[in-house]
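Working through the structure, step by step
Listed below, chain by chain, are the residues.
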Amino acid sequence: EKIEKGGFPHFMLKEIFEQVNSIYDTIRGRVNAEASEIYLGGISEIIPKMVNAHRIIIIGCGTSWHAGTVGEYIFEEFTRIPVEVEYASEFRYRNPIVDANDIVIAISQSGETADTLAAIKYAKAHGATVIGICNVVGSSIARETDAGVYTHAGPEIGVASTKAFTAQISVLVMMALQIGHRKGTLSDELYKKYIQELYNLPDKVKAILEKNDKIKEIAAIYKDSTNAIYLGRGCQFPVALEGALKLKEISYIHAEGYPAAEMKHGPIALIDENMPVFAIATNDNYYDKIVSNIKEIQSRKGHVIALVNDNDTQVKKLAEHVIEIPETLEYLSPLLNVIPLQLISYHIAVMRGCNVDMPRNLAKSVTVE
Ligand code: G6P
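Residues numbered from 1 in each chain as written. Predicted model: local features only at pLDDT ≥ 70, side-chain atom pairs only at ≥ 80, totals over all residues.

The protein chain goes by Glutamine--fructose-6-phosphate aminotransferase [isomerizing] in an unreviewed UniProt entry, where it is assigned to Butyricimonas faecalis. Its UniProt record gives the protein chain a comment under Function (unreviewed entry), which states: "Catalyzes the first step in hexosamine metabolism, converting fructose-6P into glucosamine-6P using glutamine as a nitrogen source." UniProt, in the comment section headed Subunit (unreviewed entry), describes the protein chain in these words: "Homodimer." (UniProt positions renumbered as here; feature names shortened; annotations may be inferred.)

Have a look at this one:
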C-alpha cells in the first residue's frame, strides 16, 4: 500500500497532486491545439444529434453531480442548448418528462452508482440518447450507455472524489467546445483560445500545488471550526458546493456551499466571529459583486479566506487570507479553483485525526439505494 501511495501519506493527497497529469491525460489525443480540432471518438456519431438537441439533461450523484452543474454553465454558454442537471435519485423516481429528442449525459466516476444506472435505464426506455462520462472502463454505466467519453483520471482510491471531478469537467468542456463550434454559437476565436488554454492548465495546476504549505497553514487556523460557508457565483457556484462537500465528507465539519448573492436570504444570519467563509473571487463578471459580499461578511466579523487571481487588487486588501490562483479563461477556472479547496479539506481532516481515505459512513461507490 505504501508503494501504491507513491510516497504520499494518503491516497487523497496523491490524487489531488495527480491532477497535473490527469487533466492532461483526459484531453491528450482528443484536443489538437495545432489544428484547433477536438475529436471525441466515443461520441463522434452522435455529435450531429447533439448539435441539433433542444435540451440536454445531465444526471449524476455526489461530486459527479457537481461536475454536471459546472457543465450546465459551460454548455449553455457555448452551445445555447438548454441544460437541466438533476440528481439521478430524483430523476428516476419523479416521472420526468424525457423522450427521443433528449440527450442525457450521465456522469459517474465508478460507473456503478445504482441511482445513476437506474436513471439511465429510465431515460433509454423513454427513447433518449444517453451518453456516459465514466472513469472506470467497462463499468456497468459505460456498458449501459449508447455512447460515451472516458475520463482518463486513473484509478481513484480515496473515497472523496478529487481528480475524477476535474477530469469530468475537462470532458464536459471538450464536448461543449466541439458542439458550440459546430453550431456556430461559439466564435472561432474563442474556440481556439480555449483549446490553447487547455494545454496551459497542467502548469497552472502545478503552480497551485506549490502553495500547499501556505494552504496547510490556513487549514491549521480553521481546523477547530464547527461550521464553514463556501461562496461562488456563476460556474464557481458548483465549485463552492464541491468545496463544502469535500470538507464535510472527510473532516465532519458542517459546511454549506451557496451562490454568493443568496447569502442575504439565509446564511448571513449564521455569520459571526467563529465562521470561516471561503469566497471564490477570481476574475470574472461577478468580481465586483463578490467584493461586496466579502465586505458584508467582514462587517459581521466572519473570517474570509478568498481565492483570487495573481493580479487581484481589491480582495487582497480585504480578505484575512488569500490563495492566489493563476489566471485562466472563465469556464476553465473551476478546474483550478477546486484544487485549493480540496487541499484545505484534506489538511483540516488530517489535523483533526480523521481517516481521510475512508471517512465514516461513506462508500467509494454506492451500488445499493
Ligand atoms: C459516492 C462517493 C462520491 C461520489 C458519488 C458518486 O458518494 O463517495 O465521491 O461522488 O458516490 O459516485 P460516482 O462513481 O457515480 O461518480
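There's more to say after this.
Quick notes on the sheet that holds strand β9 (residues 254-259)
What the five strands build is an open sheet, ordered β9-β8-β10-β11-β12; its pairing is parallel. Two strands in the sheet have a free side with no partner beyond their single neighbour: β9 and β12 (321-325). Ignoring which end each strand starts from, the neighbouring axes of this sheet average 20 degrees apart. Across five bridges, strand β10 (residues 276-280) lies against strand β11 (residues 303-309) in parallel orientation. In the sheet register, Pro276 faces β11, and the bridge partner there is His303. Strands in contact with helix α15 (residues 333-351) are β10, β11 and β12; relative to β12, the strand with the most contacts, it is inclined by about 140 degrees. (Pairing = 2+ DSSP bridges. Helix = DSSP H or I, 4+ residues; strand = E, 2+ residues; numbered from the N terminus. Axes fitted to C-alpha atoms, helices over the stretch in contact; angles between N-to-C directions. Contact = placed C-beta atoms within 7 Å.)

As for the sheet that holds strand β6 (residues 129-134)
In space, the five strands of this open sheet follow the order β4-β3-β5-β6-β7, with parallel pairing throughout. The strands lining the two open edges of the sheet, one partner per strand, are β4 (83-87) and β7 (147-150). When the angles between neighbouring strand axes are averaged without regard to direction, this sheet yields 20 degrees. As paired elements, strand β3 (residues 56-60) and strand β5 (residues 103-108) share four bridges and run parallel to each other. Counted as the bridge partner of Ile56 is Ile103 from β5. Running at roughly 165 degrees to β5, helix α6 (residues 114-125) makes contact with β3, β5 and β6 of the sheet.

Side note on the nonpolar core
Residues Ile74, Leu231, Ala279 and Ala306 are the most contacted members of the largest nonpolar core, which totals 129 residues. Ranked by residues supplied to this core, first place goes to helix α8 (residues 163-183) with 12 residues. Filtering out sequence-adjacent residues up to four positions away, Ala306 remains in contact with Ala279, Ala281, Ile294, Val315, Ala319 and Val322. (Core = buried A, V, L, I, M, F, W, Y, C linked by C-beta atoms within 7 Å. Buried ≥ 20, exposed ≤ 12 C-beta atoms within 10 Å, placed from the backbone.)

Overview of the environment of Met174
Checked against the element boundaries, Met174 lands in helix α8. With 143 residues separating them along the chain, Met174 and Val31 place their C-alpha atoms 7.8 Å apart. Other than its neighbours up to four places away in sequence, Met174 contacts Ile27, Arg30, Val31, Ile38 and Leu40.

With respect to the site of the ligand
Taken together, the neighbourhood of the ligand is formed by 16 residues, with Gly62, Thr63, Ser108, Ser110 and Thr113 sitting nearest. Tallying contributions element by element places helix α4 (residues 62-79) first for the shell around the ligand, with three residues. (Near = placed C-beta within 6 Å.)

Examining the packing of helix α12 (residues 237-251) against α15
Two numbers describe how α12 lies on α15: the axes approach to 9 Å, and their chain directions differ by 20 degrees. Classified by the interaxial angle, the pair formed by α12 and α15 is roughly parallel. Here the hand of the crossing between α12 and α15 comes out right-handed. Of the residues in α15, those in contact with Val239, Glu242, Gly243, Lys246, Leu247, Ile250 and Ser251 of α12 are Pro334, Asn337, Val338, Leu341, Gln342, Ser345, Ile348 and Ala349. (Parallel < 35°, antiparallel > 145°, perpendicular 65-115°, else oblique. Left-handed = near helix turned anticlockwise from the far one by under 90°.)

Some points on the pairing of β3
Regular strands show a simple pattern: their side chains alternate between the two faces of the sheet. Of all five residues in β3, five are buried; the element is thus mostly enclosed. Where burial is concerned, the two faces of β3 agree: the one with Ile56, Ile58 and Gly60 and the one with Ile57 and Ile59 are both buried. Summarising the sheet, β3 and β4 pair through five bridges and their orientation is parallel. Bridge pairing in β4 places Ile56 opposite Val83. Note that the unit made of β3, α4 and β4 has a crossover that is right-handed. (Right-handed = clockwise from strand over helix to strand, strands pointing away.)

Quick look at the confidence of the model for the protein chain
Of the residues in the protein chain, 99% reach a pLDDT of 70 or more, and the chain-wide mean stands at 95. Interface scoring of the predicted complex returns ipTM 0.98; its pTM is 0.96. (pLDDT = per-residue confidence, 0-100.)

Overview of the packing of α4 against α12
For the pair α4 and α12, the least separation of the axes is 9 Å and the interaxial angle reads 165 degrees. Considering the angle they form, α4 stands roughly antiparallel to α12. Like other packed secondary-structure pairs, α4 and α12 cross with a definite hand, here left-handed. For the pair formed by α4 and α12, the contact residues are Thr63, His66, Thr69 and Val70 on the first element and Pro238, Val239, Leu241, Glu242 and Leu245 on the second. Across the contact of α4 with α12, the residue classes tally to five nonpolar, three polar and one charged. (Nonpolar A, V, L, I, M, F, W, Y, C, P; charged D, E, K, R; others polar.)

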